[in-house]
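Residues per chain, in single letters:
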Amino acid sequence: MALTFSLSFSPFITLFILFLLHHTCHSRDSFACDPKSTATNNLPFCNVKLTLQQRVNDLIGRLTLPEKVNLLVNNAAAVPRIGIKGYEWWSEALHGVSNVGPGTRFGGVFPGATSFPQVITTAASFNASLWEAIGRVVSDEARAMYNGGAAGLTYWSPNVNIFRDPRWGRGQETPGEDPVLAGIYAARYVKGLQGTDGNKLKVAACCKHFTAYDIDNWNGVDRFHFNAQVSKQDIEDTFDVPFRMCVKEGNVASVMCSYNQVNGVPTCADPNLLKKTVRGQWGLDGYIVSDCDSVGVFFNNQHYTSTPEEAAADAIKAGLDLDCGPFLGIHTQDAVKKGLLTEAHVNGALVNTLTVQMRLGMFDGEPSAHAYGNLGPKDVCKPAHQELALEAARQGIVLLKNTGPSLPLSSQKHKTVAVIGPNSNVTVTMIGNYAGIACGYTSPLQGIGRYAKTIHQQGCANVACRDDKSFGPALDAARKADATVLVIGLDQSIEAETVDRVGLLLPGHQQDLVSKVAAASKGPTILVLMSGGPVDITFAKNDPRIAAILWAGYPGQAGGAAIADILFGTADPGGKLPVTWYPQEYLKNLAMTNMAMRPSTVGYPGRTYRFYKGPVVYPFGHGLTYTHFVHTLASAPTIVSVPIHGHRHGNNTNISNKAIRVTHARCGKLSITLHVDVKNVGSRDGTHTLLVFSAPPNGGAHWVPQKQLVTFEKVHVPAKSKQRVRVNIHVCKLLSVVDRSGIRRIPMGVHSLHIGDVKHSVSLQAEALGIIKS
């Protein structure tokens, strides 16, 4: 028997309690530079009128070597004698404030946070403004929790690795297989997280895991021992693109190096990657952090150095500023004593971390005086945030098949719906990995129940679906209902960090369940898939008894409501697949450890839509809607001059057919502008995802992509009307290709632009401005 009770207070006492709650959650003591402390309030590093460089240099000059070393790790120690508290750097915010890192704690006035769809689902929206809006909400909630003493301000998100192999367990965390898509996602989500207040940071984001990291545990090879053999071409053309865009366009405050080696060198000990590329070429204004225990991994697991002191020295001299883990805290001082490292090297690392903390306002005194000091419990899980999570899920759901059309369902016609499948009433499954505690959940069963009477049978106890013992009641439900919705797929037991998939088919007996339910259903059968990676559902695609298929990814806390809204037509599907869906046969003799993107002549098929030419279940960019859109090119140039500083041979020979180095072109704002009319010829209002691809000249050369995404736009078009969309394509960034030596070049000649069924040819012609001598 449950006991219930209620308390009543006078209005005055109620207001007083609310005041105390508000005050308690906004009274976090200063991290440093407490204005009430006479010992520190006159120190230069506390003086906000000085430059960041002056303040940081003053602070470092006051630290002893042991104190400095204790600041090189994620659980940085306090320095009480100058009023600095300990700080936990490790917090996560992949798609909402997460409790994966020790820097964030849920409970009390912060029981949960808004849990948005997993990144792979949000990426399917192809909506850059949505990604930035999600970042703003997440950082609001992060700041609120920091103000209340429940979180840090440094978040090791987003994950922008390329989803190269469909079996990768962490592919769900990424924006997909395309480098430009991943890069735009990175830049916009980071801007949302970090804010736009000049050099100040709302929170500090981190793009990870640099670089060529996309295998966790496959066929006896794990990420701690893997040496990724990657060509210069693939590094420049694919793996580094999102990181470069994250740093240069997103101005991210941090980059995380990965566990694996790249061409024999651990990424966290490689000065060419960290010091030369990330900080030197790209101009990172922030700190570089290791993946957790990466320095220990390259010493203990990869045996890259003979002693731990050498490992510490190699990491710091390579450009690593912070160790997620204890290794640098234990061994750096001895590395200095042995002459492997100087104190100046340690100082250099601290300049980068302390500058980020100062940009966050952690040395500015009272947190309540900060621009975000008013954020508190009222700003976490607020209705507007939860509505955005619902809208993000709606926009990320992809309609793969719709025969008839059979969707949307009608509440008048389909009054009873059988809801079947191992993911039909799940909650936690919907938020994927690197999630926190959600504000609340709406399962698919609950969502559909808002539109129709439901008959619920799981059919399988879980996604493993080891037997068919529960099929009978599921078949009976399908026979009785006006429509049947099967919610199936994967979960974190099948794909996750440290868990790569063994194949692409549905686990266990799920396929058998789907086919038998479809055969028994009285009404239309709708298949809803939850998964991060692609699934080979060729059987369902070809089965006429399965009327429609939706892919929902991992749709977040409101996933069930979003699925139901799409099914019953109160929201229109507009998502597009951010990854290629391959048949199971694609994996035949395809090692996850082979990093080559391009196909070879010895039966290697190549990877992603840019290079793979074989059969697919559904292609990258596939996604249907409930209406029909037609594209017309309103205006576009046919010839574009590319100003270049002469050419390598120092004479005026014809250079029209060459591929010109990007560094030899005067890029600036050199771009192609298209105007595309998008007409909605259907009877329903709808939102269209405009994908623009480019096929470069010399498509026959095996190292040139077949086509590549150059930009995308989202446009809402009412029924029977049209919208004109302006599309800008930066020539040097987006129409260039990378040669076998890793050099980015702009091919002269005819480039074919693909916008849906429309193809437009534009000829790039070199215009020599001067002479460069080789």
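Scope of this entry: the structure provided in the associated data block.

About the criteria used
Residues numbered from 1 in each chain as written. Predicted model: local features only at pLDDT ≥ 70, side-chain atom pairs only at ≥ 80, totals over all residues. Heavy atoms only, no water. Buried < 20%, exposed > 50% of the residue type's maximum accessible area, 1.4 Å probe, protein only. Helix = DSSP H or I, 4+ residues; strand = E, 2+ residues; numbered from the N terminus. Pairing = 2+ DSSP bridges. Axes fitted to C-alpha atoms, helices over the stretch in contact; angles between N-to-C directions. Phe/Tyr/Trp six-rings, centres within 6.5 Å; stacked < 30°, edge-to-face > 60°. Lys NZ or Arg CZ within 6 Å of the ring centre and 35° of its normal. Core = buried A, V, L, I, M, F, W, Y, C linked by side-chain atoms within 4.5 Å. Salt bridge = Lys/Arg side-chain N within 4 Å of Asp/Glu carboxyl O. 1 Å grid on protein atoms, 1.4 Å probe; cavity = no way out; pocket = protein on both sides within 12 Å on 5 of 7 lines; lining within 4 Å. Points joined across faces, edges and corners; volume = space filled by probe spheres on them. Nonpolar A, V, L, I, M, F, W, Y, C, P; charged D, E, K, R; others polar.

We now examine the pairing of strand 10 (residues 287–290). Where burial is concerned, the two faces of strand 10 agree: the one with Tyr287 and Val289 and the one with Ile288 and Ser290 are both buried. Direction of pairing for strand 7 (residues 254–257) relative to strand 10: parallel, over a ladder of four bridges. Following the sheet pairing, Met256 is matched in strand 10 by Val289.

Attention now goes to the sheet that holds strand 10. Taken together, three strands build an open sheet; the order of strands is 3-7-10 and the sheet is parallel. The outermost strands of the open sheet, each flanked by one partner alone, are strand 3 (207–210) and strand 10. Pairs of neighbouring strands in the sheet enclose a mean axial angle of 30°, with direction left out of account.

This part is about unusual backbone geometry. A cis amide bond links Phe210 with the next residue in sequence, Thr211, at an omega value of 5°. With respect to the helices and strands, Thr211 occurs in the loop between strand 3 and strand 4 (217–218). Between Leu407 and Pro408 the backbone carries a cis peptide bond, its omega angle lying at 5°. Within the chain, Ala212 stands out as a residue other than glycine whose phi angle is a positive 50°. Structurally, Ala212 is set in the loop between strand 3 and strand 4. Phi angles above zero are rare outside glycine, and Cys381 is one such case at about 65°. Looking at the element boundaries, Cys381 is found in the loop between helix 13 (343–359) and helix 14 (383–396).

Right, let's talk about the packing of aromatic side chains for a bit. The description of an aromatic ring pair rests on the distance of the ring centres and on the angle between the ring planes. Here the structure, examined in full by the defined rule, presents 26 aromatic pairs. One aromatic cluster is present, formed by Phe126, Trp131, Tyr185, Tyr189, Tyr609, Phe620, Phe693 and Phe712 through successive ring pairs. Above the ring of Tyr618, the side-chain terminus of Lys541 is found at 4.9 Å from the ring centroid. Geometry around Phe693 places Lys707 over its ring, the cationic atom sitting 4.1 Å from the centre.

The next thing to look at is the environment of Val73. Summarising the element assignment, Val73 is placed in the loop between helix 3 (65–69) and strand 1 (75–76). Residue Val73 is classed as buried on the basis of its relative accessible area of 7%. Taking the C-alpha atoms as reference points, Val73 and Asp491, 418 residues apart in sequence, are found 33 Å from one another.

In this structure, Trp156, Phe363, Ile537 and Trp581 are the most contacted members of the largest nonpolar core, which totals 208 residues. Leu690, Val692, Val715 and Cys732 belong to the second largest nonpolar core, which has 32 residues in total.

Under the definition given, this model contains 40 salt bridges. A salt bridge links Arg167 to Asp165; the nearest nitrogen and oxygen atoms lie 2.8 Å apart. Each member of the pair, Arg167 together with Asp165, is buried. Here Arg170 makes a salt bridge to Glu497, at a shortest N to O gap of 3.1 Å.

Once that is clear, we can look at the layout of surface pockets. The space that makes up the second largest pocket amounts to roughly 630 Å³. Lining the second largest pocket are 24 residues, and of these Lys576, His631, His688, Gly756 and Asp757 lie nearest its centre. Among the elements of the structure, strand 17 (629–635), strand 21 (686–695) and strand 26 (749–755) are those that each provide at least two residues to the lining of the second largest pocket. Looking at the lining of the second largest pocket element by element, the count peaks at five residues for strand 21. Partitioning the lining of the second largest pocket into residue classes produces ten nonpolar, eleven polar and three charged.

For the coordinates displayed, the defined rule picks out five cavities of 30 Å³ or more. Size it by volume and the largest cavity reaches roughly 90 Å³. The leading source of residues in the lining of the largest cavity is helix 13, at three residues. A breakdown of the residues in the lining of the largest cavity according to their chemical character gives nine nonpolar, two polar and one charged.

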